Amino acid sequence: MSSNNNQESTDADNTSKPTCMERFGDTVDGRINGFFSKLGLRIGHNPKRIITICIGLTLLCGIGFARFTPENRPEELWVPQGTTAQTESDLYQGYFGGNSRINSLIIEPSSDDNDNVLTKDLLLDAMKMHQEIASGQSQEDGETYTFTDLCVSSGGTCANTTAQPSASNAICNCLVTSILKQWNYNVELLEQDDNILSTLNGYGTQQDLEAVLGQPTFDDDGQLVSAEAFILSYFLEDRSYVEDGTEIDPINEGWEKDVFLAVAEDVGTDYPSLYAPYFSARSFQDEFGGAINSDILLVQVSFALCFVYVAATIGKFQWWKSGSRWTLALAALITCGLAVAGGLGLASAFGLFFGPVHNFLPFIMLGIGVDDAFVIVNAFDRERKVKRSEEDDEGIAQRAKRALGRAGSSITVTSMTDFVVFAISSSSGLPALASFSAYAAICIFLLWLFAALFFSSTFVLDERRQRDNRRECLCCTQRKAELDDPEEGFEEGIVSKYFRKYHAPALLSLPGKLITVTVFAGLLGFGVFGMINLSVEDTSREFFPSGSYVFDFFDAVDEYFPSTGIDYEITFEEGSNIYKEREALSELNTRLTGLENNPPYIAEPVSESTYRNLMTGLHDYLVENGSGAIGNVTLDSDSWPTNEDDFYLTVKQYTSSEQGGDAPGAEYKQDVSFGDDNVLNAYKMRGRYVSLTKKDRDGKIIDDADRQIDAMDATRDMVNSWTELQPAFPYSEQYLTIEGF
């Protein structure tokens with residue numbers, strides 16, 4: 001019998017003996033509780049002083065706003081710094097400047113009974129609409145601008161380039177993409193044309209026509225018969241500059257708003273025979289910015305609702321009765337505001353930029369801060385053991401000591417978890433995510449600090465107010481009604497009773513455990529399945545609000561130009577090597593053939609839209625016409641200039657801006673970069689990928705990120721394999737976006 005008793009005693013001792021981890025946890029918890037107990041006692045004795053210190057600390061952090069740096073440029077936000085795409089972009093812009101701003105319309109018949117846009121009446125209306133756009137004026141800083149003042153200067157826009165440049169045909173020196181060029185954008189020439197289809201067939205090859213016509217029809221001889229739509233695009237020269245981290249272009253943006261969009265919006269009224277969905281270079285900022293501005297009211301409403309919710313949860317809803325805590329609810333929101341303000345200032349002092357996504361910080365801090373407030377309020381309430389009227393200032397201070405010791409561990413553990421997560425995320429390669437995470441980590445730390453100090457101090461003051469039966473806002477006046485002061489002190493709420501009496505016992509029962517494990521195992525399996533099948537997708541279309549006019553344009557593009565892909569360019573550097581490899585460079589089309597179906601998914605170089613090469617055009621010209629009109633230099637048997645200097649002169653005269661639209665190769669003017677000494681620094685060849693899109697589950701066309709990545713990587717590998725043509729690099733405006741995948 002004695003042996004059995006000893007055995008039971010030994011088992012009990014082994015059962016009650018804590019493990020090493022339990023002892024460590026108890027030690028940490030005890031230290032945290034001890035720290036917050038001391039802090040709570042000090043707050044209970046000096047709440048006003050603590051509040052003053054918190055406000056002073058926020059103001060001190062606010063000094064950092066002197067270094068506040070906003071950043072809104074996508075390439076600085078969503079592209080990992082130091083990437084190949086960024087290096088290529090910097091090199092490209094160094095040679096050729098910024099990218100053009102493109103404004104486009106897709107012209108269709110407005111009548112459902114007519115599916116052919118290539119009728120004289122419709123083309124005349126389209127021509128008149130174009131002339132309204134080309135001649136329209138905008139104002140900026142007292143200056144007047146028209147399209148010809150702002151356009152990308154380029155030859156080849158008009159079919160007839162023999163006429164000398166004048167005010168009437170200035171459009172011929174601007175880069176415009178449209179079949180209307182066959183009539184030099186002149187209404188009278190179109191009216192006098194008795195065979196418009198014959199004129200249109202002179203536009204170029206069948207592939208050239210397919211690039212600008214929607215659903216074209218050709219006869220057995222390859223002659224154009226009809227088309228359902230055609231595209232009309234205007235190219236503006238980039239005039240952007242960076243101001244406060246935002247790239248702006250007020251001159252071009254003004255013309256786009258006052259002229260292009262003004263005309264495009266009224267096409268249905270002014271030209272009823274036409275339907276013209278449109279897209280402007282400023283469409284994204286207009287539509288996305290408008291959606292953001294319309295959400296400001298919702299943001300204000302959300303904060304107001306949160307204020308009401310907090311006040312109704314932590315105290316009585318009736319603000320005129322004792323037990324209400326509307327002022328304390330406001331203090332909870334102010335706590336979040338102090339953390340955000342101090343965090344922004346401190347992060348700015350560290351040199352971190354502020355991007356668009358950072359605007360979500362107040363929402364995150366509001367959620368975390370309100371949660372901390374609930375924990376602290378609950379702890380304070382549970383520690384009240386006597387009637388309020390029997391509790392003096394020292395009693396409230398002692399309650400603050402016990403309450404904060406109890407709540408301190410909870411808010412510290414949750415805040416530390418959030419802080420560590422965001423601190424780790426601040427090492428992300430995406431600048432926007434890294435900066436946002438660093439901002440969030442700093443704000444969370446300050447929120448933890450202010451919740452423990454500022455909010456707890458306001459709670460102490462509010463408890464004194466309630467004890468003295470003073471009003472909410474007019475805290476210097478007392479209520480006439482008697483204090484609602486229950487004998488038992490803390491009263492457990494309905495929600496707390498539910499979780500204690502029903503929810504927790506149900507979960508801890510055997511059926512509850514089985515159901516819980518089953519449900520969460522199913523959620524885990526579903527999550528793993530989704531993660532395995534997660535694909536990288538991108539569509540900038542999702543950034544536009546539903547109902548935006550741009551979706552009409554996207555739908556038209558998807559219907560009429562589904563095979564149109566992303567443009568790319570290959571830049572060849574160093575004039576001496578360009579001259580040395582001039583023959584190979586003029587035959588690049590042979591290297592770009594047969595690449596449609598596999599990476600790099602390059603479209604066949606059979607038309608002007610899929611292959612445009614200065615060296616090819618120059619050599620063809622020299623073979624046919626010689627150099628008499630472009631420098632009159634001596635040509636070798638291969639029809640190339642005999643030396644490097646003559647080669648530079650020939651290229652310069654072939655694309656020369658001095659002769660404007662009359663230069664034989666004026667359309668290539670944007671494809672060359674000369675130094676101050678007229679030495680050729682670089683030139684670029686332009687091409688196009690096949691369509692790199694796919695349909696999502698809803699049938700919407702979106703970018704196929706996987707194929708775009710493969711295309712970009714394969715293009716770089718291809719160019720790098722051309723060892724004899726180095727130095728050279730590929731470039732596309734989309735590479736910066738693709739690199740972010």
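See the structure above.
All values reported here derive from a predicted model rather than from experimental measurement.

Cut-offs applied
Residues numbered from 1 in each chain as written. Predicted model: local features only at pLDDT ≥ 70, side-chain atom pairs only at ≥ 80, totals over all residues. Heavy atoms only, no water. Helix = DSSP H or I, 4+ residues; strand = E, 2+ residues; numbered from the N terminus. Rg over C-alpha atoms; globule rule 2.2 N^0.38 Å. Buried < 20%, exposed > 50% of the residue type's maximum accessible area, 1.4 Å probe, protein only. Contact = heavy atoms within 4.5 Å. Areas by Shrake-Rupley, 256 points an atom, 1.4 Å probe, with all protein chains shown as cover. Lys, Arg positive; Asp, Glu negative; His and termini not counted. Charge placed at Lys NZ, Arg CZ, Asp CG, Glu CD. Pairing = 2+ DSSP bridges. 1 Å grid on protein atoms, 1.4 Å probe; cavity = no way out; pocket = protein on both sides within 12 Å on 5 of 7 lines; lining within 4 Å. Points joined across faces, edges and corners; volume = space filled by probe spheres on them. Nonpolar A, V, L, I, M, F, W, Y, C, P; charged D, E, K, R; others polar. Disulfide = S-S within 2.5 Å. Phe/Tyr/Trp six-rings, centres within 6.5 Å; stacked < 30°, edge-to-face > 60°. Patch = residues over 30% accessible without salt bridge, like charges linked within 9 Å, V, L, I, M, F, W, Y side chains within 5 Å. Salt bridge = Lys/Arg side-chain N within 4 Å of Asp/Glu carboxyl O. Polar contact = N/O pair within 3.5 Å; in protein donor to acceptor, adjacent residues only side chain to side chain.

1. Considerations on the overall build of the chain
And step 1. The helix and strand inventory of the chain stands at 27 helices and 21 strands.
And step 2. Over its C-alpha trace the chain gives a radius of gyration of 36 Å, far above what one expects of a compact globule, namely 27 Å for 741 residues.
And step 3. Viewed in the frame of its principal axes, the chain has a C-alpha envelope of about 115 × 70 × 55 Å.
And step 4. Looking at the chain as a whole, 45% of its 741 residues are labelled buried.
And step 5. In the chain, once contacts between residues fewer than 6 apart in sequence are set aside, the share between residues at least 24 apart is 70%.
And step 6. Summing over all exposed atoms, the chain offers an accessible surface of approximately 37,100 Å²; the carbon and sulfur share of this is 54%.
And step 7. Mean positive and mean negative side-chain charge positions of the chain (55 and 109 charges, respectively) differ by 21 Å.

2. A closer look at the pairing of strand β2 (residues 101-109)
And step 1. Counting buried positions along β2 yields eight of nine residues, so the element is predominantly enclosed.
And step 2. As judged from the seven bridges shared by β2 and strand β9 (residues 229-236), these two strands associate in the antiparallel manner. Within the sheet, the bridge partner assigned to Ile102 lies in β9 and is Phe235.
And step 3. Sheet analysis places β2 next to strand β13 (residues 278-279), joined by two bridges and oriented antiparallel. Counted as the bridge partner of Leu105 is Tyr278 from β13.
And step 4. One ladder, built from two bridges, connects β2 with strand β12 (residues 274-275); its direction is antiparallel. The partner of Glu108 across the bridge, within β12, is Tyr275.

3. Digging into the side chain of Asn577
And step 1. With respect to the helices, strands and loops of the structure, Asn577 is situated in helix α22 (residues 575-580).
And step 2. We classify Asn577 as buried; its relative accessible area is 15%.
And step 3. Residues within four places of Asn577 in sequence aside, it is in contact with Glu724, Leu725 and Gln726.

4. A closer look at empty space enclosed by the protein
And step 1. All chains considered together, the criterion is met by two cavities of 30 Å³ or more.
And step 2. By volume, the second largest cavity amounts to about 30 Å³.
And step 3. Together, Ile566, Tyr689, Leu692, Gln708, Ala711, Met712, Ser732, Gln734, Tyr735 and Ile738 line the second largest cavity.
And step 4. Looking at the lining of the second largest cavity, the elements with two or more residues in it are α26 (705-721) and α27 (735-739).
And step 5. Of the residues assigned to the lining of the second largest cavity, the class counts are seven nonpolar, three polar and no charged.

5. Let's talk about the state of the cysteines
And step 1. In total, this model carries two disulfides according to the counting rule given.
And step 2. There is a disulfide in this structure between Cys151 and Cys174, and the S-S distance comes to 2.0 Å. Residues Cys151 and Cys174 are joined through a disulfide that is left-handed, its torsion about the S-S bond being -60 degrees. You can see Cys151 sitting in the loop between α7 (147-150) and β5 (176-177) and its partner Cys174 sitting in the loop between α7 and β5, a full 23 residues away along the chain.
And step 3. On the basis of relative accessibility, which here comes to 2%, the residue Cys174 falls in the buried class.
And step 4. Covalent S-S linkage joins Cys158 and Cys172, the inter-sulfur distance amounting to 1.9 Å. The disulfide joining Cys158 to Cys172 has a torsion of about -85 degrees about its S-S bond and is therefore left-handed. In this pair, Cys158 sits in the loop between α7 and β5 while Cys172 sits in the loop between α7 and β5, placing the two residues 14 residues apart along the sequence.
And step 5. By relative accessible area, Cys172 is classed as buried at 11%.

6. Considerations on the packing of aromatic side chains
Both the distance between ring centres and the angle between the ring planes are used here to describe each pair of aromatic rings.
And step 1. Summed over all chains, the structure comprises 33 aromatic pairs.
And step 2. Between the aromatic rings of Phe303 and Phe363, the centroid separation amounts to 5.8 Å while the plane-to-plane angle is 50 degrees, which identifies the pairing as tilted. Note that Phe303 is positioned in helix α14 (residues 296-314) and Phe363 in helix α16 (residues 361-382), a separation of 60 residues in sequence.
And step 3. Residue classification places Phe303 among the partly exposed residues on the basis of a relative accessible area of 28%.
And step 4. A connected cluster of aromatic rings, assembled from ring pairs, spans Phe35, Phe36, Phe445 and Trp448.

7. With respect to the pairing of β9
And step 1. Of all eight residues that make up β9, eight are buried, and the element is covered over most of its length.
And step 2. Covered by surrounding structure in β9 are Ala229, Ile231, Ser233 and Phe235 together with Phe230, Leu232, Tyr234 and Leu236, the residues of both alternating faces.
And step 3. By the bridge criterion, two bridges tie β5 to β9 in an arrangement that is antiparallel. Residue pairing for β9: Val176 is matched across the bridge by Tyr234.
And step 4. In terms of strand pairing, strand β6 (residues 213-214) meets β9 through two bridges, oriented antiparallel. Across the sheet, Gly214 pairs through a bridge with Ala229, a residue of β9.

8. With respect to a negative patch on the surface
And step 1. A contiguous patch of negative charge on the surface is contributed by Glu132, Glu265, Asp266 and Asp270.
And step 2. Its location among the elements puts Asp270 in helix α12 (residues 267-270).
And step 3. The class of Asp270 is partly exposed, set by a relative accessible area of 43%.

9. Some points on unusual backbone geometry
Most of the time, phi is negative for any residue but glycine, and the peptide bond is trans.
And step 1. Backbone torsion omega between Pro599 and Pro600 reads 15 degrees, so that peptide bond is classified as cis.
And step 2. Tracing the backbone shows Pro600 in the loop between α23 (582-586) and β16 (611-612).
And step 3. For the bond running from Gln726 to Pro727, omega is 5 degrees, close enough to zero to count as cis.
And step 4. Considering the arrangement of structural elements, one finds Pro727 in the loop between α26 and β21 (728-731).
And step 5. Phi at Asp244 is positive, roughly 55 degrees, even though this residue is not glycine.
And step 6. Mapped onto the fold, Asp244 is located in the loop between β10 (241-243) and β11 (246-248).

10. Here we look at the side chain of Thr715
And step 1. Turning to its location among the elements, Thr715 is positioned in helix α26.
And step 2. Here Thr715 falls in the buried class, since its relative accessible area comes to 0%.
And step 3. Side-chain polar atoms of Thr715 contact the side chain of Tyr689, separated by 2.7 Å.
And step 4. For Thr715, the residues in contact, after removing those within four places along its chain, are Pro600, Tyr689, Pro730 and Tyr735.

11. Focus on the pattern of salt bridges
And step 1. This structure, assessed with the given rule, holds 21 salt bridges.
And step 2. Of the charged contacts in the structure, one is a salt bridge between Arg402 and Glu383, with a shortest N-O distance of 3.0 Å. Remark: Glu383 occurs in the loop between α16 and α17 (393-425) and Arg402 occurs in helix α17; sequence separation between them is 19 residues.
And step 3. A salt bridge links Arg686 to Asp671; the shortest N-O distance between them is 3.0 Å. Taken as a pair, Arg686 in strand β18 (residues 680-690) and Asp671 in the loop between α25 (644-655) and β17 (672-674) lie far apart in primary sequence, 15 residues in all.
And step 4. For Arg686, a relative accessible area of 22% puts it in the partly exposed group.
And step 5. A single salt-bridge network, built from bridges that share partners, covers Arg325, Asp381, Glu391, Arg399 and Glu463.

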